[in-house]
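Summary of structural features
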Amino acid sequence: MKFINVNEAIEWLNAQRSTGQGNSVERVKVALAFIDNPHIGLPAIHITGTNGKGSTTAFLRELLLSQGLQVGTFTSPHIMTFKERFTFNGELISDEDLLFVIEEMVQINDYMEQTEFGRLVFFELYTVMMAIYFNMKKPDVCLVEVGIGGRRDCTSVVNAQLAIITTIGLDHGDKLGNTVEEVAEEKSGLIKPNSLVVTGLIDEGPLTVIENYAKEMNSEIYRYQIEYGMSDILNHLDQGSTFNFWQTSTEAEETQQNNFAIGMLGLHQVQNATVALQAFELWMRHIEQPIDWVIAKPALQKTNWIARMERIHEEPFVYIDGAHNVAGLNALKQLVTEYFPHKEIHILYAGLDSKNQAAQLPLLSTFESSSLAVTEFEHPNAMSLEQFKELVLSEATHLQQPVQFVENWPEYITDFIFTKNADQMLLVTGSLYFVSAIRQHIVKEFQKISN
């Protein structure tokens, strides 16, 4: 099948449905085998974690690119365009390449329909597309971000030489477990035998689960140690942070201190950058290439990641941040308190009904903000205003400030931009699907940021 353009091709992807058997990993393995397993032999770093996956991947990509490596990335979800999911050397997949890859998927899904497994859908399709694309481009290293979890995520078909587990928290409880130990067990399942593992700042209980699994896999684990990972952190308000990272080239060598800076905001981003630095060191050692820190440090500093505390309008400030679970909101609360002590903060929030909104809305009410508003947006799993109203009634005793209900969020944002002054700031947060809609609206209506 030949598509007229990329939009038609993506419509075909979104229209795929299946009633087949087997889990996603099995289905993807069958599809990949049909096209001679293009994923086998890919040099890969696999990234999972409850929060911090995207930012850590962005930091790591820029560090690797600074050393002259060819880098492919596979991330999700997309914010502005579907093509964000597949990049090569920081550039979005071209229309030509995307059309070719999706047309390959047509024959693959025609084949799958004839099997007991049925047609691939959504992230299963994207995972096979990633394997085809990276096999075409032949990057020196592929950064592969999981969809959800690890062991049962279909990206687990990739035999990564290095695994990163950024954080462990409770999210997607119906899929990953109801305790942090269960979540850790699921996420550690992507660790491959005789590989390298880097963990972020993780509590002792879930960390022990990861360490035990790494030991079973005969894999070497590098833990994030706060006493060695960070010291002397300085935040420069809306300009970012500087910090010292203690790196160890080998276990036998003494640690040495290096000064680093990042433009992304928040202590959690310093933690993400530290995890990326550790993974960067290990990968460069793995490929036996020395690091040129003179060009690596500026690469780290210039790293950005859209929809993660991103300023999308000035005077007044409008920031968007996809904090869609309790851990993310706690990090955002700390960031707002430390980085914007002199701003009058107004919050606009929307989320999915599959998330623990009964915990998240009371947490939002503890932010040092002048107003808290909730709204709804177009998504099959989005919380409706009626659901929010019921939640506010049931959680009234746990809410520390009044909650406003916004029926038309585009009008709310336009009114804020035209009536507020430079001392005031709008913080839009919640589901990444919601902040994606906000970002697209600002681009279209105000053209203050680029695609």
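Just so you know, these numbers come straight off a predicted model, no measurement behind them. (Residues numbered from 1 in each chain as written. Predicted model: local features only at pLDDT ≥ 70, side-chain atom pairs only at ≥ 80, totals over all residues. Heavy atoms only, no water.)

Before going further, it helps to examine the overall build of the protein. Helices and strands together make up the secondary structure of the protein, namely 16 helices and 17 strands. In terms of overall dimensions, the protein is globule-like: its C-alpha atoms have a radius of gyration of 22 Å, near the 22 Å expected for 451 residues. Referenced to the eigenvectors of the C-alpha coordinate spread, the extents of the protein come out at roughly 60 × 55 × 40 Å. Buried residues in the protein amount to 57% of all 451 residues. (Helix = DSSP H or I, 4+ residues; strand = E, 2+ residues; numbered from the N terminus. Rg over C-alpha atoms; globule rule 2.2 N^0.38 Å. Buried < 20%, exposed > 50% of the residue type's maximum accessible area, 1.4 Å probe, protein only.)

The predicted model of the protein averages 90 in pLDDT, with 92% of residues at 70 or higher. With pLDDT under 50 throughout, residues 226–230 is counted as low confidence; its partners more than four residues away or in other chains account for 13 contacts. Contacts from residues 249–254, a stretch scored under 50 in pLDDT, to residues over four places away or in other chains number 6 contacts. (pLDDT = per-residue confidence, 0-100. Contact = heavy atoms within 4.5 Å.)

Mapped onto the elements of the fold, Gly 430 is located in strand E17 (residues 424–430). Its relative accessible area of 0% is what places Gly 430 among the buried residues. Between the alpha carbons of Gly 430 and Gln 360 there is a distance of 9.4 Å; along the sequence they are 70 residues apart. Apart from residues no more than four positions distant in its own chain, Gly 430 is found in contact with Asp 321, Gly 322, Ala 323, His 324, Tyr 349, Ala 350 and Val 435.

Roughly 500 Å³ of volume is contained in the second largest pocket. Among the elements that take part in the lining of the second largest pocket, helix H3 (residues 53–66) stands out by supplying 3 residues, more than any other. A per-class count over the lining of the second largest pocket returns 5 nonpolar, 11 polar and 6 charged. (1 Å grid on protein atoms, 1.4 Å probe; cavity = no way out; pocket = protein on both sides within 12 Å on 5 of 7 lines; lining within 4 Å. Points joined across faces, edges and corners; volume = space filled by probe spheres on them. Nonpolar A, V, L, I, M, F, W, Y, C, P; charged D, E, K, R; others polar.)

A word on the side chain of Glu 84. Within the secondary structure, Glu 84 sits in the loop between strand E2 (71–74) and strand E3 (86–88). At 6.3 Å, Arg 439 is the nearest oppositely charged side chain to Glu 84, a buried residue that forms no salt bridge. Reaching out from Glu 84, the side chain makes a polar contact with the backbone nitrogen of Ile 79 at a distance of 2.7 Å. In terms of polar contacts, Glu 84 uses its side chain to reach the backbone amide nitrogen of Met 80, at 2.5 Å. Aside from chain neighbours lying at most four places away, what touches Glu 84 is Thr 75, His 78, Ile 79, Leu 92 and Ile 306. (Lys, Arg positive; Asp, Glu negative; His and termini not counted. Salt bridge = Lys/Arg side-chain N within 4 Å of Asp/Glu carboxyl O. Polar contact = N/O pair within 3.5 Å; in protein donor to acceptor, adjacent residues only side chain to side chain.)

Below, the discussion takes up the packing of helix H10 (residues 267–286) against helix H11 (residues 293–302). Two elements in contact, H10 and H11, have axes separated by 12 Å at closest approach and are oriented at 150°. As far as their axial angle goes, H11 and H10 are roughly antiparallel. Crossing of H10 over H11 shows right-handed handedness. Counted together, Ala 273, Leu 277, Phe 280 and Glu 281 of H10 and Trp 293, Ala 296 and Leu 300 of H11 form the full contact between these two elements. Partitioning the contact of H10 with H11 into residue classes produces 6 nonpolar, no polar and 1 charged. (Axes fitted to C-alpha atoms, helices over the stretch in contact; angles between N-to-C directions. Parallel < 35°, antiparallel > 145°, perpendicular 65-115°, else oblique. Left-handed = near helix turned anticlockwise from the far one by under 90°.)

Residues Val 71 and Thr 73 of E2 are buried on one face, and the alternating residues Gly 72 and Phe 74, pointing to the opposite face, are buried as well. Here E2 pairs with strand E5 (residues 141–145) via 4 bridges, running parallel. When the bridges of E5 are listed, Phe 74 appears paired with Val 144. (Pairing = 2+ DSSP bridges.)

Okay, the sheet that holds strand E16 (residues 404–406) next. In space, the 6 strands of this open sheet follow the order E12-E13-E17-E14-E15-E16, with mixed pairing throughout. For this open sheet the edge positions go to strand E12 (310–313) and E16, each flanked by a neighbour on one side alone. Adjacent strand axes in the sheet meet at a mean angle of 30° when their direction is disregarded. When strand E14 (residues 344–350) meets E17, the two strands line up parallel, connected through 7 bridges.

Aromatic ring pairs are defined here through the distance separating the ring centres and the angle between the ring planes. As enumerated under the stated definition, the model contains 16 aromatic pairs in all. Ring geometry for Phe 280 against Trp 293: centres 5.7 Å apart, planes inclined by 85°, an arrangement best described as edge-to-face. Here Phe 280 is found in helix H10, whereas its partner Trp 293 is found in helix H11, with 13 residues between them in sequence. With relative accessibility at 17%, the residue Trp 293 sits in the buried group. A centroid spacing of 5.8 Å and a plane angle of 85° characterise the contact between Phe 317 and Tyr 319, whose relative ring orientation is edge-to-face. We classify Phe 317 as buried; its relative accessible area is 12%. The exposure class of Tyr 319 is buried, given its relative accessible area of 2%. Ring pairing ties together the aromatic residues Phe 74, Phe 82, Phe 86, Phe 123 and Tyr 126, which thus form one cluster. If you follow Arg 311 out to its NZ or CZ, it ends over the ring of Phe 317, 4.5 Å from the centre. Here Lys 389 stacks its cationic end above the ring of Phe 405, 5.7 Å away from the centre of that ring. (Phe/Tyr/Trp six-rings, centres within 6.5 Å; stacked < 30°, edge-to-face > 60°. Lys NZ or Arg CZ within 6 Å of the ring centre and 35° of its normal.)

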